[in-house]
Each structure stands twice: as C-alpha cells, then as structure tokens.
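# Residue-level structural notes
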Amino acid sequence: APWADILYGCDSKWWNWHNGAPEFKGRKITRDIKAVEKYGIEYIRSENHKGLSLDPDIIHEGGNSGFQAINIAYNMGFKRIILLGYDMMLTDKSHWFGDHPDGLLSSYDTFISNYNEIKPDKLSIEIINCTRKTALQCFPRMLLEDALI
C-alpha cells in the first residue's frame, strides 16, 4: 500500500528482505534497533506484556507485527481500526502473501491468544476484522466495503 501513511515492520529480517522499503514515502516505524541503524527507520520501544500498551512511547509485542501495528494505531489516538490480511492461518501450506524467504512459519495459536487479550470495549476503541478468510474471531467481522461507509 504505497499510499499508506505508515509502514510498520517489527524486525530487521523483514526490513532486510525489503531493503528498507525505499519506495515507501510515508513514515516507517520499527521496534528493531538494527533496522533503525541500517535504514534510518523511526524507533518505538516494545515490551512483552499482555494486551495493548497504554503508554504512547511503548508498544506491546503480541508475537507479531500486526498486533504491534494495532498498538501503534491505538497509541496514536485512533478509535476505529480496520484489519486487513489478519488471516492467522496457513492457506495451501503458506501465508496469504506467500512464503517468507527463509521458510518461517508463524505461531498462529499463540498470536490468536495474544489478540484475545486486547479488550476494545475497555479501551473505548472499535477493532473490525475485514480479512476475507480468517481464524481470528475475537473482533467483529465485516466486509471492507461496509466498514468504509
């Protein structure tokens, strides 16, 4: 999504695979110091705790970049967050976007458990999962076209 305002990647491995995403013109954020040093990406501190961080200078890890991106959006003050690409399962023995270059497979059961710790009602936010096919069931589901109305 080259038109997006923010690109978040949690680790230097991802940034290296994409050579720092030089074509992306928006704000780039990571929790990985190596990626910050190599590509000049904006740094955000992360900690391994349940739920979302309420401190705008810290995100909770949740085991994956999608979880961390939700925490960034929340800490930026967004009250409505629409999820795309949060399938949380293998499709045809691969990720929805294809295989990682190193063959990494995700721990979806752990990821889903971490998302279940986010309590949107207690945080006064709305999180809508508009992913077409998903194993992540803790947030209301909606077609993207309907969510954008």
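Here's what I pulled together on the structure shown here. Keep in mind it's a predicted model, so treat the numbers as computed, not measured.

## A look at the sheet that holds strand 3 (residues 42–43)
Strand order in the open sheet formed by three strands is 1-2-3, with parallel pairing between adjacent strands. Strand pairing shows two members of the sheet lacking a second neighbour, strand 1 (6–8) and strand 3, which therefore form its edges. Sheet analysis places strand 1 next to strand 2 (residues 27–30), joined by three bridges and oriented parallel. When the bridges of strand 2 are listed, L7 appears paired with K28.

## Observations regarding unusual backbone geometry
Leaving glycine out, the prevailing phi sign among residues is negative, and the prevailing peptide bond configuration is trans. With a phi angle near 55 degrees, M88 is a residue other than glycine that sits in the positive phi range. Looking at where M88 falls in the secondary structure, it is placed in the loop between strand 6 (80–83) and helix 4 (108–115). A positive phi angle is found at S124, which is not glycine, with a value near 60 degrees.

## Re the environment of G77
Tracing the chain through its elements places G77 in the loop between helix 3 (65–75) and strand 6. Sequence-wise, G77 and I125 are 48 residues apart; in three dimensions their C-alpha atoms are separated by 9.3 Å.

## Re the packing of aromatic side chains
Tallied over the entire structure, the rule returns five aromatic pairs. Ring geometry for W14 against W15: centres 4.9 Å apart, planes inclined by 90 degrees, an arrangement best described as edge-to-face. Site record: aromatic cluster; members linked through ring pairs are F67, Y86, Y115 and F139.

## Points about the environment of P120
You can see P120 is positioned in helix 5 (residues 120–123). Residues P120 and L52, 68 residues apart in the sequence, show an inter-C-alpha distance of 9.6 Å. Those residues in contact with P120 that lie beyond four places of it in its chain are I125, I127 and F139.

## Some words on the environment of L83
Mapping L83 onto the fold places it in strand 6. Residues L83 and F139 lie 56 residues apart in sequence; the distance between their C-alpha atoms is 9.5 Å. Once residues within four sequence positions are removed from consideration, L83 is found in contact with I70, I127, I128, N129, C130, T131, L136 and F139.

## Some thoughts on the pattern of salt bridges
On inspection of all chains with the given rule, the structure shows four salt bridges. In this structure, E47 and R45 form a salt bridge, with 2.3 Å as the shortest nitrogen-oxygen distance. With its nearest N and O atoms 3.0 Å apart, the salt bridge here joins R80 to E126. One end of the pair, R80, is in strand 6; the other, E126, is in strand 7 (residues 126–129), with 46 residues separating them in the sequence. Overall, E126 belongs to the partly exposed group, its relative accessible area being 35%.

## Things to note about the side chain of T134
Turning to its location among the elements, T134 is positioned in the loop between strand 7 and helix 6 (144–147). Using a relative accessible area of 10% as the deciding quantity, one classes T134 as buried. There is a polar contact of 3.4 Å between the side chain of T134 and the side chain of N129. A polar contact of 3.0 Å, which involves the side chain of T134, links it to the backbone nitrogen of L136. Discounting residues that sit within four places of it in the chain, T134 has contacts with Y86, D87, M89, N129 and R141.

## A short note on the nonpolar core
Formed by 19 residues in total, the largest nonpolar core has its most connected members in I70, Y115 and I118. Of all elements in the fold, only helix 3, strand 6 and helix 4 reach the threshold of two or more residues within this core. Among residues more than four places away in sequence, those in contact with I70 are L52, I81, L83, Y86, Y115, I118 and I127. Grouped together as the second largest cluster of nonpolar side chains are seven residues, A4, F24, A35 and I41 included.

Rules of the game
Residues numbered from 1 in each chain as written. Predicted model: local features only at pLDDT ≥ 70, side-chain atom pairs only at ≥ 80, totals over all residues. Heavy atoms only, no water. Pairing = 2+ DSSP bridges. Helix = DSSP H or I, 4+ residues; strand = E, 2+ residues; numbered from the N terminus. Phe/Tyr/Trp six-rings, centres within 6.5 Å; stacked < 30°, edge-to-face > 60°. Contact = heavy atoms within 4.5 Å. Salt bridge = Lys/Arg side-chain N within 4 Å of Asp/Glu carboxyl O. Buried < 20%, exposed > 50% of the residue type's maximum accessible area, 1.4 Å probe, protein only. Polar contact = N/O pair within 3.5 Å; in protein donor to acceptor, adjacent residues only side chain to side chain. Core = buried A, V, L, I, M, F, W, Y, C linked by side-chain atoms within 4.5 Å.

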